2 protein chains.
Amino acid sequence: MLDQIGSKWAVLVMGELGRHGARRFTELRQHLGGISEKMLTQTLRTLERDGLILRTVYPEAPIRVEYELTPLGQTLRGPLKALTEWSTQHIEEVVDARQKYDERTRK
Amino acid sequence: MLDQIGSKWAVLVMGELGRHGARRFTELRQHLGGISEKMLTQTLRTLERDGLILRTVYPEAPIRVEYELTPLGQTLRGPLKALTEWSTQHIEEVVDARQKYDERTRK
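Heads up: these notes are all about the structure in this document. None of the values given here were measured: they were computed from a predicted structure.

When helices and strands are counted, chain A shows six helices and three strands. Going from the N terminus to the C terminus, chain A shows its helices and strands as α-α-β-α-α-β-β-α-α. For 107 residues, the compact-globule formula gives about 13 Å, and the C-alpha radius of gyration of chain A, at 17 Å, lies well above that figure. The principal-axis extents of the C-alpha atoms in chain A amount to approximately 65 × 25 × 25 Å. Counting the 107 residues in chain A, one finds 40% classified as buried. Pairs at least 24 apart in sequence give 44% of the contacts found in chain A among residues at least 6 apart.

As structure tokens, then:
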């Protein structure tokens with residue numbers, strides 16, 4: 001389960017729905033720069049299957065489909081926030097460590 | 001970066017080193033049931049490259065190699081603990097949601 005929770009796009013989708021509430025597919029794509037349609041579809045399906053997001057179809061014309069966090073998904077917001085905050089705070093140290101490691105091992 | 005942090009084995013290795021301090025390769029394998037030698041080697045290398053763990057070689061006979069968290073790795077313990085605790089607490093709800101999703105979509 002951790003593999004999926006930790007996947008970059010899943011974390012970003014959860015964050016976006018956590019901050020903004022219900023979103024349509026096209027809105028999500030606009031706010032998650034660089035995600036392909038296929039990857040977003042897969043990510044949403046996995047999160048829905050895990051019970052973390054709810055997909056609601058409004059029978060209008062044209063049909064409207066919205067995604068939002070379930071109560072279970074809400075409980076994951078805190079842990080994910082801690083992880084993304086850590087990443088933001090420490091990304092430079094990690095990049096620096098990788099560079100030094102690559103220099104050491106290239107010799 | 002999130003992809004790697006969230007990978008199941010990386011989280012388990014970090015947890016093991018966080019709880020027990022320095023560990024040798026064989027000790028880690030024993031305590032992480034089911035990880036292959038190749039996967040553990042890859043996981044340790046990635047974590048070392050990211051600056052999260054330190055690999056120390058003791059020039060004894062036979063050579064001893066130990067792994068431990070770096071100060072940077074220590075700062076990641078809290079966020080990872082929150083994530084693993086969430087998984088432990090909610091795994092049944094997720095399994096249940098998956099089962100219901102599969103029943104719905106099989107129709």
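Turning next to helix α6 (residues 77-106) of chain B. Residues and elements named next belong to chain B. Taking 1.5 Å per residue as the helical rise, α6 with its 30 residues ought to reach 44 Å, and the 40 Å between its terminal C-alpha atoms agrees with that figure. In α6, a bend of some 60 degrees at H90 exceeds every other bend along the element. Along α6, the residues classified as buried are P79, L80, L83, W86, S87, H90, V94, A97, R98 and Y101.

This next bit is on the packing of aromatic side chains. This model, assessed by the stated rule, comprises zero aromatic pairs over all chains. Looking at K8(A), its charged tip hangs above the ring of W9(A), at a distance of 4.6 Å from the centre.

Criteria and thresholds
Residues numbered from 1 in each chain as written. Chains lettered and ligands numbered in written order. Predicted model: local features only at pLDDT ≥ 70, side-chain atom pairs only at ≥ 80, totals over all residues. Heavy atoms only, no water. Helix = DSSP H or I, 4+ residues; strand = E, 2+ residues; numbered from the N terminus. Rg over C-alpha atoms; globule rule 2.2 N^0.38 Å. Buried < 20%, exposed > 50% of the residue type's maximum accessible area, 1.4 Å probe, protein only. Contact = heavy atoms within 4.5 Å. Expected span 1.5 Å × (residues − 1). Bend = angle between axes of the 7 residues up to and from the residue. Phe/Tyr/Trp six-rings, centres within 6.5 Å; stacked < 30°, edge-to-face > 60°. Lys NZ or Arg CZ within 6 Å of the ring centre and 35° of its normal.

The quantities given are spatial measurements derived from coordinates; they are silent on function.
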